[in-house]
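This is what each chain is made of:
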Amino acid sequence: MDIISQLQEQANTIAALAFNTFGTLQRDAPPVRLSPNYPEPPANPTEDAANVAEQPKLMSAALVKAAKQFDALVAALPLSEGGEDAQLKRISELQVENDAVGQELQRQLEAAEKELKQVQELFSQAADNCLNLKKPD
Amino acid sequence: MAATATYPPPPPYYKLYKDYTQNPKSAPEPPPPIEGTYVLFGSSYTTDDVLPSLEEQGVRQLYPKGPNIDFKNELRSLNRELQLHILELTDVLIERPSQYARRVEEISLIFKNLHHLLNSLRPHQARATLIHILELQIQRRKQAVEDIKRRREEAQKLLKEALGTLDGH
């Protein structure tokens, strides 16, 4: 995939990781005590305590890794300096050169085809002579 | 089998082309290509395919405007801003959870800017691809010229040799 598409994909990946992170944390966070009037919420050990503590670490590590990957891709961008004008100038130079080489090719091709016709003519004459189709001069 | 509508009949212009084989000029010309905006199946399209700027889409532009934008640095700084805003969002969710909306909006703003910047790199990529293709074509043509010259010389050599053997015979 070309690098700009990779960058776009990486940006979308960062977005997906971000909302997955928030969604998972919000879903799995254990309840917290809001006010001293209400009793301590029951600590349901449905989710393993280790799991609940590990997930933010893993997900944030993945997020940071994705961001670093994005930076690496940005560094790999082959942006040539000079901007639009330099590119357009180069394109017109290349077009001129392309035309010149194309005409040279055309000339060579025509000369080669002419020689081919001559050789074919010679062959047909030689073949006719061999087969004695024409009276020799 | 469900009842479906029949296909619409072909447009009646075909009668005008009855004598096309005898006289191509007796039938009407095809319509000229459309320029500007046109309406197709109720929605309007434009023939001028240009990336609309962010202001036209109602989105604030975070990176500086100007003729030459330093894409790499802007992309990197936008990436850093994004990470910062994600951290801010986590903090807001811990302390003042009801104020998430503004942070989420800012994060989506950064993403829109990011994608717009990437999209504006596409014309540059197109020109670079064109340059690459032209260079390849020039190289192939030069190679073909060399090949033809070589073959012609070989053919000349063979003909001379053949002539030599014939004369010597």
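Residues numbered from 1 in each chain as written. Chains lettered and ligands numbered in written order. Predicted model: local features only at pLDDT ≥ 70, side-chain atom pairs only at ≥ 80, totals over all residues. Heavy atoms only, no water.

Moving on, we come to the overall build of chain A. In terms of helices and strands, chain A carries 3 helices and 0 strands. The secondary structure elements of chain A, listed N-terminal to C-terminal, are α-α-α. Evaluated residue by residue, chain A yields a buried proportion of 25% over its 137 residues. Taking the contacts inside chain A whose residues are at least 6 apart along the sequence as the reference set, 75% of them involve residues at least 24 apart. Of the accessible surface of chain A, which amounts to about 10100 Å², a share of 57% is contributed by carbon and sulfur atoms. (Helix = DSSP H or I, 4+ residues; strand = E, 2+ residues; numbered from the N terminus. Buried < 20%, exposed > 50% of the residue type's maximum accessible area, 1.4 Å probe, protein only. Contact = heavy atoms within 4.5 Å. Areas by Shrake-Rupley, 256 points an atom, 1.4 Å probe, with all protein chains shown as cover.)

Using the criterion set out here, one finds 15 salt bridges over all chains in the structure. Of the charged contacts in the structure, one is a salt bridge between Glu135(B) and Arg90(A), with a shortest N-O distance of 2.7 Å. Of this pair, Glu135(B) sits in helix α3 (residues 122-168) while Arg90(A) sits in helix α3 (residues 83-131), on two different chains. In this structure Glu135(B) comes out as partly exposed when scored by relative accessible area, which is 31%. Judged by its relative accessible area of 34%, Arg90(A) falls in the partly exposed class. Lys142(B) is the salt-bridge partner of Glu97(A), the closest N and O atoms lying 3.1 Å from each other. Taken as a pair, Glu97(A) in helix α3 and Lys142(B) in helix α3 lie in two separate chains rather than in one. On the accessibility criterion, Glu97(A) (33% relative accessible area) is partly exposed. (Salt bridge = Lys/Arg side-chain N within 4 Å of Asp/Glu carboxyl O.)

So, on to the packing of helix α1 (residues 3-28) of chain A against helix α2 (residues 100-119) of chain B. Contact pair α1(A) / α2(B): the axes reach a minimum separation of 10 Å and the direction vectors enclose 170 degrees. When the interaxial angle is binned, α1(A) and α2(B) end up roughly antiparallel. Taking contact as the criterion, the partners of Ile4(A), Leu7(A), Gln8(A), Ala11(A), Asn12(A), Ile14(A) and Ala15(A) in α1(A) are, on α2(B), Phe111(B), Leu114(B), His115(B), Leu118(B) and Asn119(B). (Axes fitted to C-alpha atoms, helices over the stretch in contact; angles between N-to-C directions. Parallel < 35°, antiparallel > 145°, perpendicular 65-115°, else oblique.)

Right, let's talk about the side chain of Gln108(A) for a bit. Assignment of secondary structure puts Gln108(A) in helix α3. You can call Gln108(A) buried: its relative accessible area is 11%. Ignoring sequence-local partners within four residues, the contact set of Gln108(A) consists of Val145(B), Ile148(B), Lys149(B) and Arg152(B).

Residues given the UniProt feature "coiled-coil region" (unreviewed entry) here are residues 131-165 of chain B. Regarding residues 131-165 of chain B, the helix share stands at 100% and the strand share at 0%, and the terminal C-alpha atoms are separated by 51 Å. (UniProt positions renumbered as here; feature names shortened; annotations may be inferred.)

With that settled, the discussion passes to a nonpolar patch on the surface. Residue and element names in this part refer to chain B. Taken together, Tyr-13, Leu-16, Tyr-17 and Tyr-20 make up a surface patch of nonpolar side chains, about 450 Å² in accessible area. By secondary structure assignment, the location of Tyr-20 is in the segment before β1 (37-40). By relative accessible area, which is 44% here, Tyr-20 ends up partly exposed. (Patch = residues over 30% accessible without salt bridge, like charges linked within 9 Å, V, L, I, M, F, W, Y side chains within 5 Å.)

This paragraph deals with the packing of aromatic side chains. Residues and elements named next belong to chain B. Enumeration according to the criterion identifies 2 aromatic pairs over all chains in this entry. When the centroid spacing of 5.9 Å and the interplanar angle of 25 degrees are considered together, the rings of Tyr-38 and Tyr-45 count as stacked. Relative accessible area serves as the criterion here: at 28%, Tyr-38 is assigned to the partly exposed category. (Phe/Tyr/Trp six-rings, centres within 6.5 Å; stacked < 30°, edge-to-face > 60°.)

A few words on the side chain of Glu74(B). Note on placement: Glu74(B) falls in helix α1 (residues 71-95). Not counting chain neighbours up to four residues away, the residues in contact with Glu74(B) comprise Tyr63(B), Pro64(B), Ile69(B) and Leu117(B).

Let us now look at the UniProt feature "coiled-coil region" (unreviewed entry) in chain A. Per the UniProt record, "coiled-coil region" (unreviewed entry) is found at residues 91-129 of chain A. Helix makes up 100% of residues 91-129 of chain A and strand 0%. Its end C-alpha atoms lie 56 Å apart.

Ranked by internal contacts, the top residues of the largest apolar core, which has 28 residues, are Phe70(A) and Leu75(B). When residues of this core are traced back to their parent elements, those giving at least two are α1 and α2 (49-75) of chain A together with α1 and α2 of chain B. At 8 residues, the largest contribution of residues to this core is made by α1(A). When residues no more than four places from it in sequence are discounted, the contact partners of Leu75(B) are Phe70(A), Val74(A), Leu77(A), Leu114(B), Leu117(B) and Leu118(B). (Core = buried A, V, L, I, M, F, W, Y, C linked by side-chain atoms within 4.5 Å.)

Right, let's get into the interface of chain A and chain B. Contact residues are listed per partner, giving 39 residues for chain A and 38 residues for chain B. For the pair chain A and chain B, the summed buried area comes to about 3800 Å², and 67% of that belongs to carbon and sulfur atoms. The interface formed by chain A and chain B contains 6 salt bridges. When the shortest N-O distance is used, the salt bridge between Arg80(B) and Asp71(A) registers 3.5 Å. In this assembly, chain A and chain B are joined by 19 residue pairs in polar contact (both at pLDDT 80 or more). When contributions to the side of chain A that touches chain B are tallied by element, the ones reaching two or more residues are α1, α2 and α3 of chain A. Sort the elements by how many residues they give to the side of chain A that touches chain B and α3(A) lands first, with 19 residues. For the side of chain A that touches chain B, the class distribution of residues is 23 nonpolar, 9 polar and 7 charged. (Buried area = accessible area lost by both parts, 1.4 Å probe. Polar contact = N/O pair within 3.5 Å; in protein donor to acceptor, adjacent residues only side chain to side chain. Nonpolar A, V, L, I, M, F, W, Y, C, P; charged D, E, K, R; others polar.)

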